[in-house]
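Close look at the chain arrangement
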Amino acid sequence: VSDGTAEERARGVCPIIDIDYREPRPAFEHYESLNEVREMAPILYNTTPFNGYWMVTRYDLVKEALQRADVFSNKVVSALGDPDKHLYLIPQNLDGKAHVDIRHVINPWFSPGSVTRIEPLARERAVAMIEELRPKGSCDLAVDFAMLYATEMFLAILGLPVEDGLTMLPLVETVFRGFFGGDPGEQADAAGQIKKYFEEMVADRVETPGDVRSDLITFLLQTKIGDEPVSQDDILTLCLTILLAGLDTTRSALGYIFQHLATHDDDRQLLIDHPEKIPEAIEEFLRLYPLVIQDGRYVAEDVDFHGCPMKKGDLVWLGLAQANRDPRVFDRPDEFVMDREHNKHMGFAVGAHRCLGSHFARLELILVVEEWLKRIPHFRLATDEPLMERGGQLMLKTVPLAWEV
Amino acid sequence: VRISVDEKLCSGQGRCYITAPDLLDCDDEGFVSIKGTSMEVPVGMEDAARRAANVCPEDAITVTD
C-alpha cells in the first residue's frame, strides 16, 4: 500500500466522484443516482463530504465487508458525518467482544418472541389512530400517522410513557441533522437533552424499580456483563442509541410503503385480497426502499480490498441501498416483485451489527399495513407535485393521501 | 437432506424461521435455534429447508443432500 491520502491512493485505481448524498432531492432520485454509481464500478472514491470515502457499491462486496469486522471497524458507522466529531453510540460503535457482550444482553429484549408482548397494544393503537383518520378522507401519512405511531411504539417497547414522544421528536430530528452535515454543536446539545431525559428515568428506576420484563431501564440496571453491572453512562448511551435508531427508521419505512401502495393499485389490491402475503410484501418493501442507504466503516488495518489500497483510518461507505437494487442479484431490481425466491435483502444490514430492532420493525410494519388496508383499502396520493426525500438517511418528508369517505 | 447454520455468519436475521416455521424456530436472542449445528431435515420438508437457505442474507445456511 502506497502512501498519500486516500483520494491520492484512489487515483488511477478506481473512479473518483464528487456527489453529496446528504442533500434533499425529489423522491427516488437518491436511488437513481446510487444505481448509476454502482454501475460505474464496484468500488469508487467519493470526495464529499470531509475527506471523502471509499464507496463499495455491489451486493457481494458490501456483504463481504460487513462480514469482515476485523478490517472494517464500527469505530465510525456513517460515511457522511464528520469522523472526528461523531456521536458515540452503543452498540453501534463497539467492536469485537464488547459488542458481542452487550448484544447478548439486549438481544432478548428485541427477539421475535419478546416483541410480541407489544403486539396487542401496537394493534390497538394502530386501529385507534386509523379510525380517527378514516372519516377525514385525507391525511399526511408521514406527519399525521407514521411519526406519531412509531414514537408511541418505540416508547412502549422501552416501557416509557408514550406521551413523552412529542417532546423527544424535535430533539431526535436535530441529532439526525448532525449525522448528515448539520451543526455538531447543536447535535451534541440535543443528544445531551435526550440523555438528561433518560438520566431522570434512570434515577427514578433506581429509586423505584419497574417491572423487569417490560421496563428496559430497570432490566438494564439489574443486568450484568460478566460480573460487572452495565454502567449508568452506558445505559444512557444505549437508550439514546435505541431512540435514534428506532424512531426515524420505522416512520420512514411507513412513508415509502404507503406512497407505493397509493401509486400501485395492483400491488395494493393483491394485499387486500391476500393479507397473508403482507409479511412477504414487507420484506420486498425493505429491499426496494432501504432508508439506511449506507453503513459507514472505519478501516482498522491496511488492506487491499479488491484492488483498492485502503489504509488504516480511511472511511468506507458500504452501499446497502445499492446492494438491494443490484441487478446481479435481483431480477427487475427497481420493481416491487412479490414472491422473490432469493430475497436476501440487506434492509437490516448484515453481519454482527444486524439491526437490533428488526423483529420489532417487522411486527409494526406488518400490522399497520394489515389494519390500514382493512379500514382504508383504497387511497391515492393527494398531490401531483413530486414528493421530497431527505438525504443522508432517507425519509419522505410528506406523504399526502386521500380516500373516499 | 441436512441443514446446517454457520456459527459465525448467523446474525439472527430471522428470515429462515419466518420462512420455514414448521422446520426452524428461534432461541431467546432471536437466533435460529440450530445456529452452529446441523440437523436432518424431516422427509417432506426439504423444500422448506431450501427456501430458508435461499432467503438468508448472511448466506449462513447450507442444505446438503
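Residue positions within a chain follow its written sequence, with the count starting from 1. A letter from A marks each chain and a number from 1 marks each ligand, given out in the order of writing. Note on the predicted model: pLDDT of at least 70 is required for a residue's local features to be given, and 80 or more for side-chain atom pairs to be given and counted; whole-chain, interface and lining totals, by contrast, use all residues. With hydrogens and water stripped out, all remaining heavy atoms of the structure feed into the side-chain values.

The next point concerns the environment of W403 of chain A. Residues and elements named next belong to chain A. Runs of H or I in DSSP of at least four residues are treated as helices and runs of E of at least two as strands, each being numbered from the N terminus. Here W403 is to be found in the segment after β16 (400–402). Along the chain, W403 and P135 lie 268 residues apart, while their C-alpha atoms are 9.5 Å from each other. Polar contacts here mean pairs of N or O atoms no more than 3.5 Å apart (in protein, one a potential hydrogen donor and the other a potential acceptor; neighbouring residues in sequence count only if both atoms are side-chain atoms). A polar contact of 2.9 Å, which involves the side chain of W403, links it to the backbone oxygen of R134.

Next up on the list: the nonpolar core. Residue and element names in this part refer to chain A. Counting residues in each nonpolar core, the largest one holds 116 residues, and the members touching the most others are F145, Y149, F198, F258, W372 and F379. Of the residues forming this core, the biggest block, 16 residues, is contributed by helix α11 (residues 232–263). Residue contacts follow a heavy-atom distance rule, with two residues in contact if any of their heavy atoms lie within 4.5 Å. Contacts of F379, omitting those with residues within four sequence positions, involve F258, L261, A262, R268, W372, L373, L401, A402 and W403. To define a nonpolar core, start from buried Ala, Val, Leu, Ile, Met, Phe, Trp, Tyr and Cys residues and group those joined through side-chain atoms within 4.5 Å. Partly exposed residues are those whose accessible area sits between 20% and 50% of the maximum for their type, while under 20% is buried and over 50% is exposed, using a 1.4 Å probe and protein chains only. Judged by nonpolar contacts, the second largest core, of 27 residues, contains Y45, C308, M310 and L318.

This paragraph deals with helix α4 (residues 96–106) of chain A. Residues and elements named next belong to chain A. Those residues of α4 not exposed but buried are H99, I102, R103, V105 and I106. One side of α4 carries all its buried residues, which in axial view fall inside an arc of 155 degrees. The outward face of α4, more than 90 degrees from its buried face, is lined by the exposed residues K97, V100 and H104. On the buried face of α4, the contacting elements are α10 (216–221), β7 (224–225) and α11. What the arc covers is the set of directions going from the helix axis to the C-beta atoms.

Residues and elements named next belong to chain A. Pairing between two strands is assigned when DSSP locates at least 2 bridges connecting them. Ordered by their spatial adjacency, three strands build an open sheet running β2-β14-β15, and the pairing between neighbours is antiparallel. Pairing within the sheet leaves two strands with one partner each, and these edge strands are β2 (25–26) and β15 (395–396). Where β2 and strand β14 (residues 388–390) come together, two bridges link them in antiparallel fashion. The residue of β14 that forms the bridge with P26 is M388.

Okay, the interface of chain A and chain B next. Contact with chain A, which involves 22 residues of that partner, is made by 20 residues of chain B. Criterion for a salt bridge: a side-chain nitrogen of Lys or Arg within 4 Å of a carboxyl oxygen of Asp or Glu. Between the two partners, chain A and chain B, sit three salt bridges. Of the charged contacts, one joins K344 of chain A and D59 of chain B as a salt bridge, the two residues approaching to 2.5 Å between their closest N and O atoms. Joining chain A to chain B, the criterion identifies 17 residue pairs in polar contact (both at pLDDT 80 or more). Counted by class, the side of chain A that touches chain B contains six nonpolar, nine polar and seven charged residues. The classification used treats Ala, Val, Leu, Ile, Met, Phe, Trp, Tyr, Cys and Pro as nonpolar, Asp, Glu, Lys and Arg as charged, and all other residues, Gly among them, as polar.

Moving on, we get to the pairing of strand β9 (residues 295–299) of chain A. Both faces of the sheet carry side chains from a regular strand, because those side chains alternate between them. Residues and elements named next belong to chain A. Taken across its five residues, β9 has five buried, putting it largely inside the fold. Of the two faces of β9, both are covered, the one formed by D295, R297 and V299 as well as the one formed by G296 and Y298. Here strand β5 (residues 72–73) runs beside β9; their pairing, made up of two bridges, is antiparallel. Bridge pairing in β9 links S73 to Y298.

Moving on: the pairing of strand β3 (residues 43–46) of chain A. Residue and element names in this part refer to chain A. Across the two faces of β3 the burial is the same, with I43 and Y45 and L44 and N46 all buried. Bridging between strand β1 (residues 16–17) and β3 involves two bridges; their strand directions are parallel. By the bridge assignment, I17 is partnered in β3 with N46. Relative to strand β4 (residues 53–56), β3 runs antiparallel, the two being bridged by four bridges. Residue pairing in the sheet places I43 in a bridge with V56 of β4. Counting the residues in the hairpin turn of β3 and β4 gives six residues, including F50, whose phi is positive at 55 degrees.

Below, the discussion takes up the pattern of salt bridges. Pairing is possible between side chains that carry opposite charge, provided their charged atoms lie close to one another. Residues and elements named next belong to chain A. Tallied over the entire structure, the rule returns 38 salt bridges over all chains. Here D204 and R205 are joined by a salt bridge, their closest N and O atoms 2.9 Å apart. On the accessibility criterion, D204 (38% relative accessible area) is partly exposed. The network of salt bridges with shared partners includes E119, R123, E131, R134, E370, E371, K374 and R375.

All names here are of chain A. Criterion for a disulfide: a pair of cysteine sulfur atoms at a distance within 2.5 Å. A full pass over the atoms with the stated rule returns zero disulfides over all chains. In this model C14 remains outside any disulfide bridge; the closest cysteine sulfur is found in C308, 4.4 Å from its own. According to the relative accessible area criterion, C308 is buried, its value standing at 3%.

Residue and element names in this part refer to chain A. If you walk across this open sheet you meet the six strands as β1-β3-β4-β12-β9-β5, and the pairing is mixed. Looking at which strands have only one partner, the edges of the open sheet turn out to be β1 and β5. To obtain each axis, a line is fitted to C-alpha atoms, and for helices this fit is confined to the stretch in contact; angles are then taken between N-to-C directions over 0 to 180 degrees. Here helix α3 (residues 59–66) sits on the sheet in contact with β3, β4, β5, β9 and β12 (315–318), set at roughly 125 degrees to β12.

The values reported here are purely geometric and, on their own, carry no functional implication.
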